[in-house]
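The lines below spell out each chain.
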Amino acid sequence: MKPLLDVRGVSKRFGGVTANADITFDVNEGEILGIIGPNGAGKSTLFDLITGFQPMDSGRVQLDGRDITGMRPDRISALGIGRTFQKLKPFSDLTVTENVMVGALAGTADMKLARDQALECLAFVDLLEKRNSFARELSTGQRKRLELARALATRPRLILMDEVTGGVDQRTIPGLVELVLRLKEQGVTVVTIEHNMQVMMRLADRILALHAGRRIAFGAPEEVRAQPAVVDAYLGTVADAS
Ligand code: ADP
Ligand code: MG
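Note that the structure is predicted; figures quoted are calculated from it, not measured.

(A) Focus on the environment of N39. Tracing the backbone shows N39 in the loop between β3 (32–36) and α1 (43–50). Judged by relative accessible area, N39 falls into the exposed class, the value being 68%. Placed 156 residues apart in sequence, N39 and H195 show a C-alpha to C-alpha distance of 9.5 Å.

Here it is in structure tokens:
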């Protein structure tokens with residue numbers, strides 16, 4: 001079976017820093033792929049390269065057999081890859097609905113349709129009751145949901161989620177996990193960067209582990225978690241931090 005997303009030999013340097021070194025992996029249609037790795041491992045950069053927010057130094061990316069390497073972010077979004085950002089940057093003086101409409105308007109010029117789509121996505125992430133609030137009035141967890149709704153409003157077939165459960169109230173995590181599983185049920189393919197190993201084991205069909213810009217493991221969750229390189233590079237540091 002041909003993968004939905006095929007990433008081959010992707011590399012990126014920032015000055016003397018190797019952010020991504022020859023990273024290869026694929027994502028099958030309908031699966032949830034998890035990405036783990038300590039801070040600075042290159043996870044967010046990998047999303048930037050796939051979605052065209054940063055040019056890659058070498059390598060290529062195919063979506064459903066089509067080469068999207070070097071395309072602009074809006075093109076890649078239009079072809080069906082949505083993403084959330086680790087560093088949230090909602091328009092704080094727009095309402096929640098208006099923020100999500102920004103996502104919807106990438107695909108339609110029809111304001112009524114964009115509003116309907118925005119409200120549908122807000123209902124999906126359980127944020128409808130905040131639709132008339134300003135984005136700046138939301139808690140971190142609510143902003144994460146807003147960011148997810150904005151990304152979903154672009155109607156992606158593949159969504160890249162950067163630390164959706166990061167920094168949110170522990171009690172809201174089960175709800176976020178349910179949300180991702182519902183997305184999968186609806187046929188959306190998911191790649192999720194996630195530090196919470198419990199969440200990861202519940203969600204991921206396969207895991208890609210990065211360390212210092214390199215791929216150190218890729219495969220079934222139990223196998224990846226048990227690999228010495230992963231335990232040393234990642235699980236050790238997570239245990240230290242908690
Ligand atoms: P992660 O998301 O795994 O924490 P990042 O992809 O954000 O890691 O960062 C990987 C490395 O690349 C880090 O050393 C980071 O400082 C560096 N880096 C990321 N983005 C930039 C940038 N725009 N300019 C310079 N260095 C960057
Ligand atoms: Mg990151």
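What follows continues from the structure just given.
(B) Local environment of α1. Counting buried positions along α1 yields seven of eight residues, so the element is predominantly enclosed. Listing the buried residues of α1 in full gives K43, T45, L46, F47, D48, L49 and I50.

(C) Just the site of ligand 1, in detail. Taken together, F14, V17, A19, P38, N39, G40, A41, G42, K43, S44, T45 and Q54 make up the full set of residues adjacent to ligand 1. Take G40: an N or O atom from its main chain is 2.8 Å from an oxygen atom of ligand 1. The backbone of A41 places a nitrogen or oxygen atom 3.2 Å from an oxygen atom of ligand 1. Counting residues per element, the shell around ligand 1 draws most heavily on α1, at three residues. Of the residues contributing to the shell around ligand 1, the split by class is five nonpolar, six polar and one charged.

(D) Seen up close, the sheet that holds strand β8 (residues 189–193). Strand order in the open sheet formed by six strands is β6-β7-β8-β3-β9-β10, and the pairing between neighbours is mixed. For this open sheet the edge positions go to β6 (81–83) and β10 (214–219), each flanked by a neighbour on one side alone. Taking each pair of neighbouring strands and ignoring which way they run, the sheet shows an average axis angle of 15°. Judged from the three bridges that link them, β6 and strand β7 (residues 158–162) form a sheet pairing that is parallel. Across the sheet, the residue bridging to R83 is L160, located in β7. Against the sheet, helix α5 (residues 140–152) engages β6 and β7, with an angle of about 160° to β7. Against the sheet, helix α6 (residues 173–185) touches β3, β7 and β8, its axis set at about 140° to β3.

(E) Broad picture of the coordination of the magnesium ion (ligand 2). Bound to the magnesium ion (ligand 2) on the protein side are S44 (OG) and Q86 (OE1), at distances that span 2.1 Å. A residue pair is termed long-range when its members are at least 10 positions apart, and S44 in helix α1 and Q86 in the loop between β6 and α3 (96–104) qualify at 42 residues. Residue classification places S44 among the partly exposed residues on the basis of a relative accessible area of 23%.

(F) View of the packing of α3 against helix α4 (residues 111–124). One can describe the packing of α3 onto α4 by two numbers: an axis separation of 8 Å at closest approach and a directional angle of 110°. The orientation of α3 relative to α4 falls into the category roughly perpendicular. For the pair α3 and α4, the crossing hand works out as right-handed. Contacts from V96, T97, V100, M101 and A104 in α3 reach M111, A114, R115, Q117, A118, L119, C121 and L122 in α4. Its residues placed into classes, the contact of α3 with α4 shows ten nonpolar, two polar and one charged.

(G) Quick look at the sheet that holds strand β1 (residues 5–14). In spatial order, the strands read β2-β1-β4-β5; together these four strands make up an open sheet with antiparallel pairing. Of all strands in the sheet, those with a lone pairing partner are β2 (17–27) and β5 (66–67), marking the two edges. Bridge count between β1 and strand β4 (residues 58–63): five bridges; the pairing is antiparallel. In the strand pairing of β4, R8 is matched with R60. Its contacts with the sheet put α1 on β1, β2 and β4, and the angle it makes with β1 is roughly 115°.

(H) α3, seen in detail. Most of α3 sits out of view: seven of its nine residues are buried. Contact partners of the buried residues in α3: α4 and α5.

Cut-offs and rules
Residues numbered from 1 in each chain as written. Chains lettered and ligands numbered in written order. Predicted model: local features only at pLDDT ≥ 70, side-chain atom pairs only at ≥ 80, totals over all residues. Heavy atoms only, no water. Helix = DSSP H or I, 4+ residues; strand = E, 2+ residues; numbered from the N terminus. Buried < 20%, exposed > 50% of the residue type's maximum accessible area, 1.4 Å probe, protein only. Near = heavy atom within 4 Å. Polar contact = N/O pair within 3.5 Å; in protein donor to acceptor, adjacent residues only side chain to side chain. Nonpolar A, V, L, I, M, F, W, Y, C, P; charged D, E, K, R; others polar. Pairing = 2+ DSSP bridges. Axes fitted to C-alpha atoms, helices over the stretch in contact; angles between N-to-C directions. Contact = heavy atoms within 4.5 Å. Donors = N, O, S within 2.8 Å, 3.2 Å for Na, K, Ca; no water. Parallel < 35°, antiparallel > 145°, perpendicular 65-115°, else oblique. Left-handed = near helix turned anticlockwise from the far one by under 90°.

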